[in-house]
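Reading the structure
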Protein chains: 4
Amino acid sequence: QDNIILITKALKNSFIIPDFPSFRHNIDQIYWDLRANRTGQVATYIPQLARMNPEYWAVSICTVDGQRHSIGDVDVPFTLQSCSKPLTYALVQDEYNPEYVHKYIGREPSGRSFNEIKLDYQMKPHNPMINAGAILIASLVKPQMNSADRFDYVLKYLKRMAGGEYVSFSNPVFLSEKETADRNFALGYYMRENKCFPANVNLMDVMDFYFQLCSVEVTSDSTAVMAATLANGGYCPLTDEKVIDPASVRNTLSLMHSCGMYDWSGEFAFKELVNRFNFHHYDNLVHTPKKVDP
Amino acid sequence: QDNIILITKALKNSFIIPDFPSFRHNIDQIYWDLRANRTGQVATYIPQLARMNPEYWAVSICTVDGQRHSIGDVDVPFTLQSCSKPLTYALVQDEYNPEYVHKYIGREPSGRSFNEIKLDYQMKPHNPMINAGAILIASLVKPQMNSADRFDYVLKYLKRMAGGEYVSFSNPVFLSEKETADRNFALGYYMRENKCFPANVNLMDVMDFYFQLCSVEVTSDSTAVMAATLANGGYCPLTDEKVIDPASVRNTLSLMHSCGMYDWSGEFAFKELVNRFNFHHYDNLVHTPKKVDP
Amino acid sequence: QDNIILITKALKNSFIIPDFPSFRHNIDQIYWDLRANRTGQVATYIPQLARMNPEYWAVSICTVDGQRHSIGDVDVPFTLQSCSKPLTYALVQDEYNPEYVHKYIGREPSGRSFNEIKLDYQMKPHNPMINAGAILIASLVKPQMNSADRFDYVLKYLKRMAGGEYVSFSNPVFLSEKETADRNFALGYYMRENKCFPANVNLMDVMDFYFQLCSVEVTSDSTAVMAATLANGGYCPLTDEKVIDPASVRNTLSLMHSCGMYDWSGEFAFKELVNRFNFHHYDNLVHTPKKVDP
Amino acid sequence: QDNIILITKALKNSFIIPDFPSFRHNIDQIYWDLRANRTGQVATYIPQLARMNPEYWAVSICTVDGQRHSIGDVDVPFTLQSCSKPLTYALVQDEYNPEYVHKYIGREPSGRSFNEIKLDYQMKPHNPMINAGAILIASLVKPQMNSADRFDYVLKYLKRMAGGEYVSFSNPVFLSEKETADRNFALGYYMRENKCFPANVNLMDVMDFYFQLCSVEVTSDSTAVMAATLANGGYCPLTDEKVIDPASVRNTLSLMHSCGMYDWSGEFAFKELVNRFNFHHYDNLVHTPKKVDP
């Protein structure tokens, strides 16, 4: 059934990236070029992450119409960590109207470190992409459910985002995360003091749930599908299932753009891609002879 | 490499079950016969288990020399629950000498329900297969490690037991388990009152760890490999790796035999198999014309 | 004002014990006789109690009409421990009708140790004077209040029972009690498993509250007034205030009589008094020449 | 015995305040003058404090040589709250050398609110008189003791400071304090994140202990004795017992002077006294005709 969608598009020659073989070739070249790069280092704030093999290197691509390309360690499981933030935000957007959600949280960059103990001038966390904001968003997820059902619910949502591909849970990372989360606990108590949470929220349950969200395990391949589902307006390109509403996706992408790069982690890859491919409409207007139409 | 072992044995025609096709046929027949059986019911003590589909039905076989047969829902994940007890006991046997382990725990059937609040006449839990005993065994696993590393350690051991096949963790089941574990908490406190645990044990950590062990997720196929590793004296038939020492396996199998059937769950299948196949030496001595040599 | 009550009775020569000087003399004699007794020992189940000076010895008397006599270490503070049980039961009787209270708890002696992990055949704790029952009774005290207000409420009630005399709280005993309460936690979890508690009870809060009730500090003198308030049908002899309803007192005294002596602690003194004084109507019918009319 | 000290001094006419009757008269006048003052309000951050009767008004005086004067509600119990900070600091000074203590804590005013989430440039709390500092000081009190013994130890110390006068514990205030302590928990976690505490400190135990210290109950009279013990170089004027070392007292008084007035609470009374009495040497040098030699 899924294949019919792909095949139909293939027959109509109407894929987003028409010449996929050349595109794959270009991606592979980038992969090999960047493989030599040994800068950067693994996260060290919890022992489980510090032991991660720094040699792992993967590129996974899933287009909005479901074409895929994978190279490198694409099925090594790793935990979502802060990448869970936009995904939970999108889910919460979908359950409530944006006005309700933003009664509790701002939409502006904080201009500060991702875990600063600061609230905005209305005593709300600045946005859902910093730790304080993500903890608050966690408190909005199905508050009436017990903790088992609540996690189950998010896990099923993430699996639908990933079109059924690898989504699991790392209990060791969760346990380690929870034990070394002093700053996050400080943020949680600071927000409770400032009455940031909705009524009847149990802070310890929220903190636990937040650490669980950070400990969801994915692969390079399955996150590519999640990203494609967002890029595709909430419809998973593999299953064609509507996972979230386009309006919620739009709000999420907008905040990812303005607030999501708090540590510039994506800058390097982004520049590489922009140097090589025409992604934007204005790319056609200027003279960029070396650029390729993807 | 693994295949070489299989192929060599195949060439030598030296498999434990020489006529595997007939054996498979027999197993399939049992599978279909029993499929009609609608007695029994799913566990209801936690909501996550109560929602399990009662239609799932699978048979997975892995012989000590690695021949495999699978029929039915063999890759539906489920949690180990009490099946974790012998596996943890084997691990603990392997880390200490049996005298040390049995300073803390008996080796006799309790003659009572699996979760009775009773200790034996030396004020020790009766054996590692009842809840009290399994909680105590959990307290012996790598007590010097933090909880993240300890769980990691057991998870890696179980994956080696399963020859790398499906071993994961169900966080929803764990959360649900922990919330409804009144009897287990009563057992834990009762044991602490009676000084059953080694020095410096943190009871809440032990309880958490025990619930985590029960929430390890496997499939019918991966547990078949674990069982085969035990049956094969601690060597995994898929990888030929020595996972536990033969002496530890022998002690474990012995307690599984004497104390492991506390609720007669296996009786039905056992009778079926014994009626159909010659498993025991004495089967050859008596006249059992309808029985098959497996 | 309080004195007027006493003086009026004195003028009317209508005291319960008309010849108080002789009575005091008799009591003092008992006091000095028993002082030599070195049997018995201080409680050792928590360190704070084990360090108590075993030489302390006091007799405090408060009659139902407020006559008092004190001899020995009558103002050394000690904690109520199990003596809190009838006092809390009386309070709970007063707040609800007896039918409601006894939906949750029996009224029969258990025939077992005070802290046995057993429930009666209706799966209720046997009575409010054993630990399981007292924990359950604690769960009925003002469940809608937060823990601070709830304790405040009981403390004020106990001070009214004691006519304003010494009622305080030993935080060291409470902390020690809580840390060594394995059996009580086992009882609490066992009762929760058996759905003994009313809906929405937080077990940890109840346990904490129960340990706090045991850690209320009194003196020999102030407990004599509490006892007199009970003996006087709920009216404090010092203040003439109605602290609890006579019907609640009657139910409490009845259970104290049938279930309150679980460890025979009072037997010795009881015998001494009965040997010396005419307390009961039948005492007048038989020939007991050596007995004194108190 | 204690009286001998007083009587000797009286005979020698060598009291600090030679004309005590006039001094008392002056104090009473201040008492009655200020009684009309209805500014200020009771603390509202916890319900137990918010219910305090705002009409209570008391002045208790205890001189360094034990002369006493009391007027008003001098035996109404109230909790120490932040007044516990210098007392615990003095105790910790006495147990360790100052260098050790100040490895963990600064000695400078913070120039900020008493509960700001900030550390000094060496990542230490600024001083022992703000909340962060007092929590840290609490972690230094007898860390090897269990929580019951530790609190017992401080309670006994405070009773010695107060010469045996009223020192008790308000469990309702403690329970309320703990439930509404979001900012203090935030401070605790923030300090743990920044490795402010000594090794092996259990943060939850420290927080609990800090709230217990704030919930110690005193009266106006008993605190006057505590203050006199500090003013008398660590020797209690009532018992002549050396409670703390003079060097520890000096360090404590010095920090009380520089950092202890974080909210200017004492300013009003201070001005009154300075306007009326000659306290300082320079008072004699200038012409202040209306001032009285106390």
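Keep in mind that this is a model prediction, so the values were computed, not measured.

Examining the sheet that holds strand 4 (residues 167–169) of chain A
All names here are of chain A. Taken in spatial order, the three strands line up as 3-5-4 in an open sheet, and their pairing is antiparallel. Edge positions in the open sheet fall to strand 3 (78–79) and strand 4, since each of these has one partner strand only. Summarising the sheet, strand 3 and strand 5 (residues 216–218) pair through two bridges and their orientation is antiparallel. When the bridges of strand 5 are listed, Phe-78 appears paired with Val-218. Its contacts with the sheet put helix 11 (residues 220–231) on strand 3, strand 4 and strand 5, and the angle it makes with strand 5 is roughly 100 degrees.

Re the relation of the copies chain B and chain A
Expressed as a screw operation, the relation of chain B to chain A combines 0.0 Å of axial shift with a rotation of 180 degrees, fitting to an RMSD of 0.0 Å. In symmetry terms, the pair is related by a two-fold rotation axis. Using C-alpha coordinates, one finds that chain B approaches the rotation axis most closely at Phe-169 of chain B, a distance of 3.3 Å. When you check the interface residues of chain B against chain A, 100% turn up at the interface there too, and the contact is symmetric in its surfaces.

Thoughts on the interface of chain B and chain C
Across the boundary between the two partners, chain B contributes ten residues, which contact ten residues of chain C. Interface area, chain B with chain C, both sides summed: about 1100 Å², of which 55% is carbon and sulfur. Per-residue buried area on chain B facing chain C is highest for Asp-182, Tyr-189 and Glu-193 of chain B; these three make up 49% of the total on that side. One can count four salt bridges joining chain B with chain C.

Focus on the pattern of salt bridges
Within the structure shown, the criterion is met by 36 salt bridges over all chains. Residues Arg-183 of chain D and Glu-193 of chain A are paired through a salt bridge, measuring 2.7 Å at the closest nitrogen-oxygen approach. Residue Arg-183 of chain D is located in helix 9 (residues 182–193), and its partner Glu-193 of chain A is located in helix 9 (residues 182–193); the two belong to separate chains. The exposure class assigned to Glu-193 of chain A is partly exposed, which follows from its relative accessible area of 25%. In this structure, the salt-bridge partner of Lys-242 of chain D is Asp-245 of chain D, at a minimum N-O distance of 3.3 Å.

Describing the state of the cysteines
Under the definition given, this model contains zero disulfides over all chains. In this structure Cys-196 of chain A is a free cysteine whose sulfur lies 17 Å from that of Cys-259 of chain A, the closest cysteine sulfur available.

Some words on the environment of Pro-98 of chain C
All names here are of chain C. Within the secondary structure, Pro-98 is located in helix 5 (residues 98–104). Judged by its relative accessible area of 24%, Pro-98 falls in the partly exposed class. Sequence-wise, Pro-98 and Ser-248 are 150 residues apart; in three dimensions their C-alpha atoms are separated by 8.2 Å. The contact partners of Pro-98, leaving out residues within four places of it in the chain, are Gln-93 and Asn-251.

Details of the confidence of the model for chain A
Residues with a pLDDT of 70 or more make up 87% of chain A, whose mean pLDDT is 87. In the model, residues 280–288 of chain A has pLDDT below 50 throughout and makes six contacts with residues more than four positions away in sequence or in other chains.

Let's talk about unusual backbone geometry
A positive phi is found at Lys-195 of chain A, a non-glycine position, where the angle reads about 55 degrees. Note that Lys-195 of chain A resides in the loop between helix 9 and helix 10 (203–214).

Brief notes about the side chain of Ser-215 of chain B
Residues and elements named next belong to chain B. Of note, Ser-215 is situated in the loop between helix 10 (203–214) and strand 5 (216–218). On the basis of relative accessible area, Ser-215 is assigned to the buried category, the value being 0%. Those residues within four positions of Ser-215 in sequence are excluded, and the remaining contacts are Thr-79, Phe-169, Ser-170, Val-173, Phe-174 and Glu-177.

Digging into the relation of the copies chain B and chain C
Screw-axis analysis of chain B against chain C gives a translation of 0.0 Å along the axis, an RMSD of 0.0 Å, and a rotation angle of 180 degrees. Both copies present the same face, since 100% of the interface residues in chain B are matched by interface residues at the equivalent positions in chain C.

A word on the packing of aromatic side chains
All names here are of chain B. Taken as a whole and judged by the stated rule, the model has 44 aromatic pairs over all chains. For the pair Tyr-31 and Trp-32, a centre-to-centre distance of 5.0 Å together with 90 degrees between the ring planes defines the contact as edge-to-face. Residue Tyr-31 is classed as buried on the basis of its relative accessible area, which comes to 2%. For Trp-32, a relative accessible area of 52% puts it in the exposed group.

Considering the sheet that holds strand 5 of chain B
Here we have three strands laid out as an open sheet, ordered 3-5-4 (chain B), and antiparallel in their pairing. Edge positions in the sheet fall to strand 3 (78–79) and strand 4 (167–169) of chain B, since each of these pairs with one other strand and no more.

Overview of helix 4 (residues 84–95) of chain A
Three- or four-residue spacings in an α-helix give side chains the same orientation, since the helix completes a turn every 3.6 residues. All names here are of chain A. The end-to-end C-alpha distance of helix 4, which contains twelve residues, comes to 17 Å, matching closely the 16 Å that a straight helix rising 1.5 Å per residue would cover. With ten of its twelve residues buried, helix 4 lies for the most part within the structure. Of all the residues in helix 4, the buried ones are Ser-84, Lys-85, Pro-86, Leu-87, Thr-88, Tyr-89, Ala-90, Leu-91, Val-92 and Gln-93. Along its buried surface, helix 4 packs onto helix 5 (98–104), helix 6 (131–140), helix 7 (147–161), helix 10, helix 11 and helix 12 (246–259).

What counts and how
The written sequence of each chain sets the order in which its residues are numbered from 1. The order in which chains are written sets their letters, starting at A; the order in which ligands are written sets their numbers, starting at 1. Selection of residues for local features in this predicted model requires a pLDDT of at least 70, selection of side-chain atom pairs for listing and counting requires 80 or more, and totals for whole chains, interfaces and linings are taken over all residues. Where side-chain values are given, they derive from all heavy atoms of the structure, hydrogens and water being excluded. Only strands joined by at least two bridges in the DSSP assignment are considered to pair. Strands are runs of DSSP state E lasting at least two residues, helices are runs of H or I lasting at least four, and both sets are numbered from the N terminus onward. The contact rule is simple, with two residues in contact once any of their heavy atoms fall within 4.5 Å. A fitted line through C-alpha atoms serves as each axis, taken over the contacting stretch for helices, and the angle formed by two N-to-C directions is quoted from 0 to 180°. All copies are superposed by least squares; the fitting set is the C-alpha atoms of residues with a pLDDT of at least 70 in both. Here the quantity called buried area is the accessible surface, traced with a 1.4 Å probe, that two parts lose on coming together, added over both. Should a side-chain nitrogen of Lys or Arg be within 4 Å of a carboxyl oxygen of Asp or Glu, the pair is scored as a salt bridge. Exposed residues in this analysis have more than 50% of their type's maximum accessible area, buried residues have under 20%, and partly exposed residues fall in between, with area computed by a 1.4 Å probe over protein chains only. For the purposes of this analysis, a disulfide is any pair of cysteine sulfur atoms at a distance within 2.5 Å. Looking at any residue, its pLDDT shows the predictor's confidence there, from 0 to 100. Here a Phe, Tyr or Trp ring, Trp counted by its six-membered ring, pairs with any other such ring whose centre lies within 6.5 Å, and the pair is stacked when the planes are under 30 degrees apart, edge-to-face when over 60, and tilted otherwise. To estimate the expected span of a helix, subtract one from its residue number and multiply by 1.5 Å.

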